[in-house]
Every structure is written in structure tokens, then in C-alpha cells.
Amino acid sequence: MSSSALEVKGLSKSYGDKSVLRDLSFTAALNDFSVICGKPGNGKSVLVRTIMGLEDVDAGQIIVRGQDVTDADSGSRDIGYIPQSFALYPHFSVRKNIEYPLTLIKASKEAKTEAVDRVSELLKIGDLLEKMPVQLSGGQKQRVAIARGLSKATDVYVLDDPLVGLDFKLRERLIEDLRLTQEKLKVAFLYITSDPLEALQLAKTVLILADGKIIQQGALADVYDAPSSLPSMTTLGFPEANVIPGKIQSSNFTSEIFEAVVDVTGGSTAAIAGIRPEGILIGKHPGTIAVSATLTLLENLGSEFAAYLDVKGTQFITVLSRTDIEGLKLIESKNLTISIKPEAITLFDFDSKKKIGTGVAHV
Amino acid sequence: MYDINLKNVTKSFGSLNAVNDITFTIPKSSVTVLLGPSGCGKTTLMRMIAGLEVPTSGNIFFDDIEVTRVPTKRRNLGMVFQYPVIYRGTSVKRNLELPLLTEKLSKEEISKRVHDVADLLGISGDLNKMVEELDNGTRQKIAVGRAIARQPQIILFDEPITNIDITAKLELKRSLKEVFSRLSQTIVYVTHDQTEAMTLADQIALMQDGVITQCAPPKEIYERPKSQFAGWFLGNPGINFIEKEHISQTGSGITSSLFSQTLEAGSMASKVKVLGVRAEAIEVHTKQTAHSRAARVVRKSLGIGGQYLLDLEYGSLKVKARVPHQRGREIGENVWTSVNSSDIIMFDENGAAL
């Protein structure tokens, strides 16, 4: 059973009139890969700085291993930190760069050697140790930066969007490395990102950050399958969920685009329907809601395509396999029928954006 | 329009050959994407086509006219860079007009071209706005407009989407695809992003260590990579590799821990050292089926369109398989998998497809 390694309670932070973090709370457990996913401008960087002790909080508590460290200085919190940019010291070898956090705390030579051996094996950089940073590729530099962050043997690590800006394939490799590293170390990883695909690929537990708060926390598949609010649904998922405004009257959702029978709490209200891309099919299918659309772009993602469709001026996205594309002979500008699975519809209150119900499958 | 012909082109920086003896034709009136990881030489190659670098050796021709040492301004080409090159403090319309003023065109012709380009890029409504009022994606559209308004023979794009924020990226990609389908110019486009490459290209020239390892249409390069590198680079995740310790050869047949059928490799059987199988080609079943193998789900994550990516173990062999969301399996679950023989690619000891 995992236990809480890091707990944040009621954290608030403002800059002048601008409130960035608003009564934000969450826990991150030992032996868990927790990912905070939020769209740009939602306070991720401020949150990292407050957890690391680089910035004071206006209200709330930060608790590490059961101890309140809200007012403790950064060094005494004993949190490993992997930053966004791989700022390696250019005049130090890779080995000295990795040792540096231990040099700062005057660790023994043996402790430094042990740490370098441990992390270089984890990140497969043993052959780079005597090189200088200038001799490394971008991916190697970031791997060294991650190793430096891990050289401090602790049980709580904060990873501040460490893969941002890296080549696609480097990211794919490092995602694999990070997952395996966390599994081997069995420590708490708290990873912060604005990239939903990274969150989906890395997280065991996901925390959705929106409007300065953690609005939902849970096992990855649970949050993906049952978002508690519209921002939760649109933040986690790639491509982003489709969003259609409308209203609910007598167990019916009506919009300019489609109507559906729904199961909701509450009476007549303005509402928003959220539908993940996989809830939309191309062509007519039994038990679905058929809508006319125009294909505007096929984005080739490799094994699948993201199909962007225009329905009465509203953009819809679905994901199709290569065989779908070839079988259906799809090309851009083509008019076609799309089918919405009613059970894939999640309904949210228009004002509060909270979940109020779901679509009802056709029998 | 021009073909671009490269003959034994090399560019060295000190002891490093950034581009190494490339002989290659970029066909006229098509979109060729130079794709590869950082440092593969793709930008250097494009800069030589543009005349911004001179090859250390080799020759560059536009059709049969040699341009190796011809200055950029005499090559009749347009360029779009990572950061939009536009004039601040002026309107969108003025930005589009400026490159046309040196072309000795009538006022009517200039006006026509500006409006045609704005229509094509979907920025007609922005013509009288100042560029400061616009987001980065629209600014990049203006830069594209400036490059195409002169109607050059060749247009070069150097990672034009890389620094655009995620919301504007899609619109720009859609716009570029539309523009490319309407233009008859020769287009060369540099990127490290496989999705951009596969979405926009007529053909992808995949580069590694200063050479072009394969040039083919997106579908062909994805489905039939000529090397392990191409199989790994295209796709998310890259292709699964089954290394030699998991492969056996008997006569002309190849067997593996991944599948139970025997692959017929004919006279090439002895050369097969690695097999490649894409994640989506591995079918995952809950019960044993014909030609299936038992495996265990050891890890899973979500991906595009809610699909699950499963890490499967067959003894010491590990591969990734992709399954639809509704068929996601549990960690620790025992499953059965199968692969069609036609989805298996054989590679030799040098990583070349057989």
C-alpha cells in the first residue's frame, strides 16, 4: 500500500491582484508516478517553485514525509528536482555535473561515486561520464540533467516538464527511461506537464490542474473515463475532446448539431456535451446519432490519423486507423456522415462546468 | 518549375561532415520533407539549396542550371523560417506588398496577388490589421504569404511550425496543407516532427548522420522502412525489434518467440538477424487462437484516441502492442497474441531491410 510522501493543503498564492494558486490541495504517494497536467497559464511553474521552497506561499501547508516544511528552506526539504531546461555546467565533466548536488552538501567521495554509479546505470550514460557537456547531443544532455536530479538519494522527486522542447523521438525514449526509473526506485515522482500525451504515457496517478486548483485526482484510466468536469475532460486526452454547447429539456440534450437522450441530475438547464474522439465514428452505424460533416484535415500520426471535421461551423475530431482511411477512401473536402456514440457523451453544467450526466445508449 | 538536383554534395564543419556525399533529386511541383533527428544535416542541406551555405564539395542544379555558388537572391526562391520574418509596425497588407515592390509589377497586379495570397491563407479579414495585433500562427501565415506572393520557382520551409503555440499549430498545419495542394512550386520542408512530415509530404527524405537513408511517400516509408532506423523513427512508438536471441532459423524458415508460425524467408533466411513488428500489428486476444503465443501484460499507458499501449512479455522478449480503449487489458493479465506474417519486416546484421 502506498503512503503519502508529499501533501499540499489549501495552497494559495497571488501576485498583486492576480490570484495564481487558489486553495490548491493534493497528495503524492510513495511508489507512484503522479503527473500534474494543466494547460499553459494555469500556475504549474508557481506550484513547482512553492513546493521546492523557492517561493513563499500566501496560505496553506506543504507537508513532506509527514513534516510541515512550509516555512523550511529549500535545501532542508530533501526533495530531488529535475528542472525544465538542462542547464549543465559547461566547465564540468558529466561526472562532476551529476555529483554537483552532493558536492553542495559536502558528501563524501565514496557517496558521490556510489550515486554516480547508481544513476548512470539507471539512465544508461556510463559511457558519457568523462565527456564534457559540449560533446553531448540534446537528448544526452537531458539524460544527464535527469541523472543529476536523481543523484540525490531521496524518496520524493519533482520533475518540472523536463522533456519540453526535445525532439519527438528523444521524448519517446526518455518517457520509457523515466517510467522504468520510477519503477526501480519505488519513490514518489511528481511530474508536471502541459502535454496531455506525456501525461497519458507516464502517469499512474493523474492530477488535473485548472484555474489554480487541482480539480480531479485519481488513477489515470479512472480520470480519463470519468472526468468530473469539462476542464478535466479537455485537459487530459489527445486529441482534445469535442465540446458542443446546448440545453437539456426533459431528458433530452439538444444542440444545433445533434439531439440525444440523456440521463442527468437536475432539470432544464444550459449544458455542454463533451465527446472524446473515439466516441465519433465515420459512416452510419447502428445505435448512433448520424450527423453530416465535411472532412477538413487528415493529420497523419503514424499508425492512425486525426480526422478534423466541420459540422455547421463547429470542429469535430476523431481518430482513424490507417486501414479505416484506406477502406473509406477519405480525402480532405469530402462530405460524409459521422456517427456519435450516445454512450460516449458526457454532460456538464454550462456555468459550473461540473458533470451532470451522460448520454443513454440506444437499445 | 525546377527539379533540384544534388550531385555528391558534402558540407564539412571542421572534421564533421554535416552533409555527406548526397546525390538526390527533389522533384518539381511536389512537397519533399527533409525529416530527421537534431544534427542529422537536414537544415544544412536546405541552407545549401538556399545558397546560405556553400558546399565543401559537390554541385547543386536547378533543372540543369548549376547554382552551387549562385547567391541566394539570384536563385528565385522563397523562404519561411522558424520565427516569422515580418515587418512590425506595418499592416498585414503592407507586409505582403513589400516583397512585390522590387518585381516591376503594376499596382493592379500587386493588389491582385496580395488578395489572392490572403484568400489562400484565410487572412483576408486581417489585411488592414497591424501585425502586433495577431497571434504567432497568423504571423507565420503572413511570412508564408510573403514567400509565395512573389511566385518563386522554389519555396523552402525551415521548421515553420516548431515555435508556434499548440492552439495555432493545427490551423497553420491545415493552412499549409491547403496551400501546398494549390501551389505548383517545388517545395522543400525541414522538420524533426514525423507527424508534420507524414501529413504534409508527397515524399519524405529521411536523414541520419548526414545522409538520406530513404526517400519515399509517407505510407511506404511507414509500412516498408528500408532500415531499422526508419522503422524506429517513424511511428509513435517506433517499430518493435525482435533481436537475434529471440529468432531461430531452420532452412529457409524463421521462427520467433513472438509468433508461432514459420516465416518463409527463402534464400535470405541466413541473413535475417532482426525482425520488426509495429505495435498495431500485434493482435491481442483473451483466448488462444491459431498461431497465437502466450504473453503477460507488464505495463500499460494511454495514448492517442484513448488507445492503450501495452508492454507485453514473452519470457525475456518484450514488445509493445496497441489496443483500442474498450479492449484495454489489466497489468499482470495473461493474454494471447498473434501477428500476420505480412506485417513482419526482416532486417540483416547492418539494420537494412531484406
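Look up a bit, the structure's there.
Now for a quick tour of the structure. (Residues numbered from 1 in each chain as written. Chains lettered and ligands numbered in written order. Predicted model: local features only at pLDDT ≥ 70, side-chain atom pairs only at ≥ 80, totals over all residues. Heavy atoms only, no water.)

**Remarks on the overall build of chain B**
Defined as follows: Each helix is a run of H or I in the DSSP string that is no shorter than four residues. Each strand is a run of E no shorter than two, and both are numbered from the N terminus. Relative accessibility thresholds used throughout: buried, under 20% of the residue-type maximum; exposed, over 50%; partly exposed, between the two (1.4 Å probe, protein chains only). The contact rule is simple, with two residues in contact once any of their heavy atoms fall within 4.5 Å.
Within chain B, the secondary structure is distributed over eight helices and 21 strands. Seen through its C-alpha atoms, chain B measures out along the principal axes to roughly 75 × 45 × 35 Å. Looking at the 354 residues of chain B, the share that counts as buried comes to 55%. Of all intrachain contacts in chain B linking residues separated by at least 6 positions in sequence, the fraction that spans at least 24 positions is 66%.

**So, the packing of helix H2 (residues 94-104) of chain A against helix H3 (residues 109-122) of chain A**
Residue and element names in this part refer to chain A. Test applied: Lines are fitted to the C-alpha atoms to define the axes, a helix being fitted only along its stretch in contact, and any angle between axes, read from their N-to-C directions, falls within 0 to 180 degrees. Angle categories are assigned with fixed cut-offs, so that under 35 degrees is roughly parallel, over 145 is roughly antiparallel, 65 to 115 is roughly perpendicular, and the rest are oblique. Two helices crossing with the near one rotated counterclockwise from the far one by less than a right angle form a left-handed crossing, whereas a clockwise rotation gives a right-handed crossing. Each residue gets one label: Ala, Val, Leu, Ile, Met, Phe, Trp, Tyr, Cys and Pro are nonpolar, Asp, Glu, Lys and Arg are charged, and the others, such as Gly, are polar.
At their nearest, the axes of H2 and H3 sit 10 Å apart, and the two run at 125° to each other. If you check the angle between H2 and H3, you find them oblique. The element H2 and its partner H3 pack so that their crossing is right-handed. Judged by residue contacts, Arg-95, Ile-98, Glu-99, Leu-102 and Thr-103 of H2 engage Ala-111, Lys-112, Ala-115, Val-116 and Val-119 from H3. Taken together, the residues of the contact of H2 with H3 sort by class into six nonpolar, one polar and three charged.

**Points about the sheet that holds strand E4 (residues 57-62) of chain B**
Residue and element names in this part refer to chain B. We apply this condition: Two strands qualify as a pair provided that DSSP identifies no fewer than 2 bridges between them.
What the four strands build is an open sheet, ordered E2-E1-E4-E5; its pairing is antiparallel. Each edge of the open sheet carries a strand with a single partner, namely strand E2 (16-26) and strand E5 (65-66). Alignment of strand E1 (residues 4-13) against E4, held across five bridges, turns out to be antiparallel. Within E4, the residue paired with Thr-10 across the bridge is Ser-57. In the packing of helix H1 (residues 42-50) onto the sheet, the strands contacted are E1, E2 and E4, and the crossing angle to E1 comes to about 120°.

**A closer look at the state of the cysteines**
Residues and elements named next belong to chain B. The line we're drawing: Whenever a pair of cysteine sulfur atoms sits within 2.5 Å, that pair is classed as a disulfide.
Throughout the structure, instances matching the rule amount to zero disulfides over all chains. For the unlinked cysteine Cys-40, the closest cysteine sulfur is that of Cys-215, found at 13 Å. Here Cys-215 falls in the partly exposed class, since its relative accessible area comes to 36%.

**Considerations on the packing of H2(A) against helix H4 (residues 138-151) of chain A**
Residues and elements named next belong to chain A. Where H2 meets H4, the axes come as close as 7 Å, and the angle between the chain directions of the two elements is 30°. On the basis of their axis angle, the class for H2 and H4 is roughly parallel. Once H2 is placed against H4, the crossing between them reads as right-handed. On H4, the residues touching Val-94, Asn-97, Ile-98, Pro-101 and Leu-102 of H2 are Val-144, Ala-147, Arg-148 and Ser-151. Each residue belonging to the contact of H2 with H4 can be placed in one class, and the counts come to six nonpolar, two polar and one charged.

**Topic: empty space enclosed by the protein**
Going by this rule: Definitions used throughout: a 1 Å grid over protein atoms alone; a cavity as a set of points that fits a 1.4 Å probe which cannot get out; a pocket as an open set with protein on both sides within 12 Å along at least five of seven lines; a lining residue as one with an atom within 4 Å of a point. Grid points are joined across faces, edges and corners, and a volume is the space filled by probe spheres set on the points.
Across all of its chains, the model carries one cavity of 30 Å³ or more by this definition. Roughly 90 Å³ of internal volume is contained in the largest cavity. Lining the largest cavity, in full, are Leu197(A), Gln201(A), Asn236(B), Pro237(B), Ser301(B), Leu302(B), Gly303(B), Ile304(B), Gln307(B), Tyr308(B), Leu309(B) and Arg322(B). Those elements giving two or more residues to the lining of the largest cavity turn out to be helix H6 (196-202) of chain A together with strand E17 (293-302) and strand E18 (308-314) of chain B.

**Considerations on the nonpolar core**
We count it as follows: Among the buried residues, those of types Ala, Val, Leu, Ile, Met, Phe, Trp, Tyr and Cys that are joined through side-chain atoms within 4.5 Å form a nonpolar core.
Counting 78 residues, the largest nonpolar core has Ile98(A), Leu178(A), Leu236(A), Leu258(B), Leu275(B), Ile282(B) and Leu312(B) as its most contacted members. Take this core: its biggest share by element is five residues, from H4(A). By size, the runner-up hydrophobic cluster in this structure holds 50 residues, among which are Ile110(B), Ile142(B), Ala149(B) and Ala168(B).

**Comments concerning the side chain of Asn300(A)**
Here is the rule we go by: Polar contact criterion, stated in full: a pair of N or O atoms within 3.5 Å, where within protein one must be able to donate a hydrogen and the other to accept it, and residues adjacent in sequence count only if both atoms are side-chain atoms.
Within the secondary structure, Asn300(A) is located in strand E16 (residues 289-300). A distance of 3.0 Å separates the side chain of Asn300(A) from the backbone nitrogen of Gly302(A), its partner in a polar contact. Every residue in contact with Asn300(A), bar those within four places of it in the chain, is listed here: Phe305(A), Arg322(A), Thr195(B), Met198(B), Thr199(B) and Pro218(B).

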